[in-house]
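Summary of the model geometry
Listed below are the residues making up each chain.
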Amino acid sequence: MFEQLQEQPADKILALMQAFREDPREDKIDLGVGVYKDANGNTPIMRAIKDAEKRLWEEETTKAYTGLAGDPLFAERMSRLVLADAVEADAVSAVATPGGTGAVRQAFDMVRLANPEVRVHVSDPTWPNHLSILKHMGIPAIPYRYFDSETGGVDYEGMIADLSQARSGDVILLHGCCHNPTGANLTQGQWHQLIEIIKSTGATPMIDLAYQGFGDGLDEDAGPTREVAAACPETLIAASCSKNFGIYRERTGILMAVSNDTSKKKVTQGTLAYLNRQNYSFPPDHGARLVLMVLGDEGLRADWMSELEDVRTGMLELRRLLTDELRERSGSDRFGFLAQHRGMFSRLGVGPDKVEALREKHGIYMVGDSRMNIAGLNRDTVPKLAEAIIDVGI
Ligand code: LMR
């Protein structure tokens, strides 16, 4: 039977990780996979997480199963972190999932259950795994215009024109903040208008929130998600704890289904738990427990927020340095958009030939669509990147 299997396309981001590892050059620079790195190139365990792990080791008395939805305290505290008091607690059904990707997958499963004909509108471009999962599940993905490579910003007119075509029964997938892969985000005013468009189409918004705290701050980054959830009758939110708690390999995420019809909560919550049972039964607990401990303890929470703020401002500083270097070397402001972008990523907006030249000639690895992970830089490598960008004729 196995001979019937066909080779699957390699995930571009993961393939790049491998190619980087195999490159013997000592001065190579990894701007590929979306993992935060400090100035020494390490991905540290956050202090509050380490402290929580110590406490957990002391205090945990059992590894017996939790519930199918995970620990309700995790859901309660994460819902609060993401939604604050934008909606009533009763409006939110939630399950813990293996990472943000698990939440995305469960959300697609849920909407397909509700509407077997569902179509999902995705930004062009979007995180490649969104497309890959949709394809695997046989759900049509409809691209909407998003990135304007001329300006490095959002093609807002195009986006609105395309999303106006959505219809009831469709899902509109949005990045809550720190758009991956472009780094280009909507302004507050644009979000307000977009929400009106979504409401007028009757489509259901789904927000992928993988980088809360990496853009303008924890509350600022959750602002659009809160507004969408408060304004629309139903909203799906897939939130990841991988990046903002730095617990990538623990696979910690949450899927929230928000509905202003609270009478349906039992069915919605039951459906989410049912889907967990079908796909992997109980969700992983270790990371979720660390998160609920950090969020529930004043000291740990304050330390976590302060470390996250350092991470965020460090990336902003790298953006500023890179933009300054490029302004100096190019004698123009054409790279100014890099300082406007938010989060880990920026898309340069150049073709694969230039990306390849950066890799071949300079040992600089970025994703083929010219997405670079700003956190892969430090004060020493910023000038090297700027020089290489000019050298390959970008
Ligand atoms: C990324 O976009 O690089 C991250 O979300 C990691 C991944 O799984 O692709």
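Residues numbered from 1 in each chain as written. Predicted model: local features only at pLDDT ≥ 70, side-chain atom pairs only at ≥ 80, totals over all residues.

Considerations on the overall build of the chain
A tally of helices and strands in the chain yields 14 helices and 13 strands. For 394 residues, the compact-globule formula gives about 21 Å, and the C-alpha radius of gyration of the chain, at 21 Å, lands near that figure. If you line up the chain on its principal axes, its C-alpha atoms span 60 × 55 × 55 Å. Going through the 394 residues of the chain one by one, you find that 45% of them count as buried. (Helix = DSSP H or I, 4+ residues; strand = E, 2+ residues; numbered from the N terminus. Rg over C-alpha atoms; globule rule 2.2 N^0.38 Å. Buried ≥ 20, exposed ≤ 12 C-beta atoms within 10 Å, placed from the backbone.)

As for the site of the ligand
Around the ligand sit Ile-13, Val-33, Gly-34, Trp-127, Asn-129 and Asn-180, and those are all the residues in its vicinity. Looking at the shell around the ligand residue by residue, the classes come out as 3 nonpolar, 3 polar and no charged. There are two domains that each give the shell around the ligand at least three residues, and those are domain 1 (10-45 + 310-389) and domain 2 (50-299). (Near = placed C-beta within 6 Å. Nonpolar A, V, L, I, M, F, W, Y, C, P; charged D, E, K, R; others polar. Domains from an automatic or database assignment.)

Structural notes on unusual backbone geometry
Cis geometry marks the peptide bond from Asp-124 to Pro-125, where omega comes out at 10°. Here Pro-125 shows up in the loop between β3 (120-124) and α5 (128-137). With omega at 20°, the peptide bond leading from Asn-180 into Pro-181 counts as cis. Structurally, Pro-181 can be placed in the loop between β7 (171-175) and α7 (188-201). Unlike most non-glycine residues, Cys-178 shows phi in positive territory, near 45°. Here Cys-178 lies in the loop between β7 and α7. With 27 C-beta atoms packed within 10 Å, Cys-178 lands in the buried category.

Here's the deal with helix α11 (residues 298-330)
Compared with the 48 Å implied by 1.5 Å per residue over 33 residues, the 48 Å span of α11 between its first and last C-alpha is a close match. Taken as a whole, α11 has its buried residues at Leu-300, Trp-304, Leu-308, Arg-312, Met-315, Leu-318, Arg-319, Leu-322, Thr-323 and Leu-326. Buried residues in α11 make contact with α2 (47-59), α10 (286-296), α12 (337-340) and α14 (381-391). (Expected span 1.5 Å × (residues − 1). Contact = placed C-beta atoms within 7 Å.)

Let's talk about the environment of Arg-25
The topology assignment puts Arg-25 in the loop between α1 (12-22) and β1 (29-30). Considered as a pair, Arg-25 and His-362 are 337 residues apart in the sequence and their alpha carbons are 9.4 Å apart.

Concerning the sheet that holds β7
Spatially, the 7 strands line up as an open sheet ordered β2-β10-β9-β8-β7-β3-β4, and their pairing is mixed. The outermost strands of the open sheet, each flanked by one partner alone, are β2 (92-97) and β4 (141-145). Within this sheet the neighbouring strands show an average axis-to-axis angle of 25°, counted without direction. (Pairing = 2+ DSSP bridges. Axes fitted to C-alpha atoms, helices over the stretch in contact; angles between N-to-C directions.)

Quick word on the UniProt feature "domain: Aminotransferase class I/classII large" (unreviewed entry) in the chain
UniProt tags residues 27-389 as "domain: Aminotransferase class I/classII large" (unreviewed entry). In residues 27-389, the share of helix is 47% and the share of strand is 15%. The end C-alpha atoms are 16 Å apart. (UniProt positions renumbered as here; feature names shortened; annotations may be inferred.)

Let's talk about the packing of α2 against α11
At a closest axis distance of 8 Å, the pairing of α2 and α11 adopts a crossing angle of 150°. The angle between the axes of α2 and α11 places the two elements in the roughly antiparallel class. Listed contacts from α11 to Arg-47, Ala-48, Asp-51 and Ala-52 of α2 are Leu-300, Asp-303, Trp-304 and Glu-307. Residues of the contact of α2 with α11, tallied by class, amount to 4 nonpolar, no polar and 4 charged. (Parallel < 35°, antiparallel > 145°, perpendicular 65-115°, else oblique.)

Considerations on the domain arrangement of the chain
According to the domain assignment, the chain contains domain 1 (10-45 + 310-389) and domain 2 (50-299). Computed over C-alpha atoms, the centres of domain 1 and domain 2 are 27 Å apart. Looking at the side of domain 1 that touches domain 2, the elements that each hand over two or more residues are α1, α11, α12 and β11 (345-347). The dominant element in the side of domain 1 that touches domain 2, judged by the number of residues it contributes, is β11, at 3 residues. Among the residues making up the side of domain 1 that touches domain 2, the classes are represented as 10 nonpolar, 7 polar and 6 charged.

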